[in-house]
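Each chain is listed here by its residues.
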Amino acid sequence: MSETPSLDAHVHLDTHPTHPSAVQAVLTGSQAHIALMALEAAGWSAAASRVLVLARIDQEEPYWAADAAKHLVAGGITVEITPRLQEAIDEEWTWPDYPMPWCTRSEIREVSHQAQKVHDDIRNGQLLIHAHDGHTTVAVGTYLHPGGTSVHLHGEDHLRQVAETFDSPAQALLAFEKVHSTEMHPGPAPLTATERAAVDARSVFDVTTAKSATFSPRSETVPVYLADAGDHDALLDTFLDAHAEFEKWRTWSDDTTHAIHESQTLRIERVHETLAHETAWTVAAYETPVSDRMWHLTLTDATPSPLLETLLNSLAEGDAWETAIGSPITEKTVTQATRPLTSAGWKHTIEGRWIRWETTRGDAGVQFNAFAAQNPSGLPTWTLWAGASINHPTWAIHASAYTVPPFWPDSPKTWLTAPAPALHSHRPALPPRPHHPAFRLLSARTHLADARDEPARASVRNLPPRP
């Protein structure tokens, strides 16, 4: 059997300098064009001369980079994989709270790969999106190749699937309008944070910077709502070290930390390894250790560190969390709370029960829910957010009707309009890829056991399983 002749083509594979899971390839050699064509056919994008990037929406880039390397080597092309990329290739991980827990790891990857194909078809203009539901989860479109069908799409990023097919665009649009007429918007949905990060990763960048092992972050003063998330766990550790009146408890599975005030009437919960848009912090205040909650607020994992630091420090100010149950929220209260936003020129709109203040660019805002304020329930009364929109924020803070810690009502001014440092070479705020061993392939079984046993352990400690 004859051996494949060696080509004068060399491919250097490494992790991307700014994207958490993307992979870059630097090509050299007189026959590098052969490797270039092979990688482009496999979904890689040119980012600079002889530099390609693989940036997907399923965080499976290391796996597909290894697959591409095998095919390149089989074709006689020399491939070099850096140790850090090899570590990412060898890592065993899975998505926490995956909606189809019966799937094996290979089946999960196949579902993600099909979602990637849909994404690529839309990006490359092969799948025309006619309308969406106002969010990013449901859409209707038509494949433009001869004999192409029309489809309904459901889900976003690595969970997007073809839910239904139709013989014509008219049939697909009529069926879509029948279900989503009140929320139907023309054209494709806004890009998700994951899609935007992939676009950024594919942008042209300096090859010398890409090949460097270290990178110097560029600091810039920005509004607080645009600041980096930083290290939330480190902020919590610093807070607990400085305030002995709070006692730290951590669940046996090591995925959640509770900080309980010595009075047991103020409780902080920090859930580690959450997705960027999921609740990572819950703060709750109680009249007595065994009473119902007086107020509570939640923060997502991408909340800027200056906001989190301000919140934690305010909680340590004596009896700051005490408030009278039943204190009504009046028009005067709302006006006083949002006056700094109005003074800063934020746009003020009213839509039914919702009163909103947004920046002129629409990249941050505050929402007040008048119904929730007068009818306390599970709905948040206040929402602070920044990102693409309030429905798809980069980060969000939700507060209940009676949340009156010292940072409120001054928070719009202190948190949203004050300048703060930001590092602009940091990795984008993507849903964090779960790492071994905390989320190994059998982690779902561990979390089920944890959920079953946690109330019992909490009762022994006289601590609640969750605020």
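Further up the page is the structure itself.
Summary of the structure given here. All residue numbers refer to positions counted from 1 along the written sequence of the respective chain. In keeping with the predicted nature of the model, local features appear solely for residues at pLDDT of at least 70, side-chain atom pairs appear and are counted solely at 80 or more, and the whole-chain, interface and lining totals rest on all residues. Water and hydrogen atoms play no part in the side-chain values, which are based on all heavy atoms of the structure.

**Some thoughts on unusual backbone geometry**
And then number 1: In this model, Arg50 sits at a positive phi of 60°, which is unusual for a non-glycine residue.
And then number 2: Secondary structure elements are taken from DSSP: a helix is a run of H or I of four residues or more, a strand is a run of E of two residues or more, and numbering for both begins at the N terminus. Locating Arg50 in the fold gives a position in the loop between strand E3 (45-48) and strand E4 (51-54).
And then number 3: Residue Gln264 is not a glycine yet carries a positive backbone phi of 60°.
And then number 4: Relative to the helices and strands, Gln264 is located in the loop between strand E13 (256-261) and strand E14 (266-271).

**Concerning the packing of aromatic side chains**
And then number 1: Each aromatic pair joins two rings of Phe, Tyr and Trp (for Trp, the six-membered one) with centres within 6.5 Å, and gets the label stacked for planes under 30 degrees apart, edge-to-face for over 60, and tilted for any other angle. Summed over the entire model, instances satisfying the criterion amount to four aromatic pairs.
And then number 2: Their ring planes at 90° and their centres at 5.0 Å tell us that Tyr63 and Trp64 sit as a pair that is edge-to-face.
And then number 3: Aromatic pair Trp93 and Trp95: ring centres 5.3 Å apart, planes at 70°, arrangement edge-to-face. Take Trp93 and Trp95: they sit in the same class, and that class is buried.
And then number 4: Consider the ring centre and the ring normal. A charge sits over the ring if Lys NZ or Arg CZ is within 6 Å of that centre and within 35 degrees of that normal. The aromatic ring of Trp93 is capped on one face by Arg105, whose charged end is 4.8 Å from the ring centroid. Note on classification: 1.4 Å probe, protein chains only; a residue is buried when its accessible area is under 20% of the maximum for its type, exposed when over 50%, partly exposed between these limits.

**A look at the environment of Gln116**
And then number 1: Within the secondary structure layout, Gln116 lies in helix H4 (residues 105-123).
And then number 2: Separated by 43 residues in the primary sequence, Gln116 and Leu159 place their C-alpha atoms 9.1 Å from one another.
And then number 3: If we skip the residues at most four places from it in the chain, Gln116 touches Arg56, Ile57 and Asp58.
And then number 4: Think of a polar contact as two N or O atoms within 3.5 Å of one another; within protein, one of them needs to be a possible hydrogen donor and the other a possible acceptor, and neighboring residues in sequence only count if both atoms come from side chains. A polar contact is formed between the side chain of Gln116 and the backbone nitrogen of Ile57, at a distance of 2.9 Å. By definition, residues are in contact when any of their heavy atoms lie within 4.5 Å.

**Examining the sheet that holds strand E5 (residues 78-81)**
And then number 1: Strands are treated as partners if at least two bridges between them are detected by DSSP. Strands sit in the order E3-E4-E2-E1-E5 across an open sheet of five strands; the sheet is mixed. Strands with a single pairing partner mark the edges of an open sheet, and in this sheet they are E3 and E5. The average undirected angle you get between the axes of adjacent strands in this sheet is 30°.
And then number 2: Note that strand E2 (residues 23-28) and E4 share four bridges and pair antiparallel. Each residue of the ladder has a partner; that of Val23, found in E4, is Leu54.
And then number 3: In the packing of helix H1 (residues 32-41) onto the sheet, contacts are made with strand E1 (10-15), E2, E3 and E4, and the angle to E2 comes to roughly 155°. Axis definition: a line fitted to C-alpha atoms, over the contacting stretch in the case of helices. Angles run 0 to 180 degrees between N-to-C directions.

**Structural notes on the side chain of Asp14**
And then number 1: With respect to the helices and strands, the residue Asp14 is situated in strand E1.
And then number 2: Polar side-chain contacts of Asp14 include one of 3.4 Å to the side chain of Thr15.
And then number 3: At a separation of 2.8 Å, a polar atom in the side chain of Asp14 contacts the side chain of Arg84.
And then number 4: Excluding residues within four positions of it along the chain, Asp14 makes contact with Val23, Gln24, Thr82, Arg84 and Leu85.

**Section: helix H9 (residues 305-315)**
And then number 1: All buried positions along H9 are accounted for by Leu307, Leu308, Leu311, Leu312, Ser314 and Leu315. For H9, the arc enclosing every buried residue in end-on projection is 165°, short of the 170-degree limit, so these residues lie on one face. What the arc covers is the set of directions going from the helix axis to the C-beta atoms.

**Structural notes on the nonpolar core**
And then number 1: Take the buried Ala, Val, Leu, Ile, Met, Phe, Trp, Tyr and Cys residues and link them wherever side-chain atoms come within 4.5 Å; each set so joined is a nonpolar core. Phe239, Ile268, Trp281, Val283, Trp295, Trp357 and Trp395 are the most contacted members of the largest nonpolar core, which has 43 residues in total.
And then number 2: Sorting elements by how many residues they give to this core places H9 first, with five residues.

**Comments concerning the side chain of His180**
And then number 1: Note that His180 resides in helix H5 (residues 169-180).
And then number 2: The buried category is assigned to His180, whose relative accessible area is 16%.
And then number 3: Contact partners of His180, with chain neighbours within four places excluded, come to Asp133 and Val138.

**Notes on the environment of Asp301**
And then number 1: Structurally, the position occupied by Asp301 is in the loop between strand E16 (293-300) and H9.
And then number 2: A relative accessible area of 19% places Asp301 in the buried class.
And then number 3: Spatially, the C-alpha atoms of Asp301 and Glu273 are 8.6 Å apart, while their sequence positions differ by 28 residues.

**Overview of H1**
And then number 1: Every buried residue of H1 is accounted for by Ala32, Ala35 and Leu39. Viewed along the axis of H1, the buried residues span an arc of 60°, placing them on a single side of the element. For H1, the exposed residues set more than 90 degrees away from the buried face come down to Met37 and Ala41.
And then number 2: One or two steps after H1, the chain reaches Gly43, where phi turns positive at roughly 100°.

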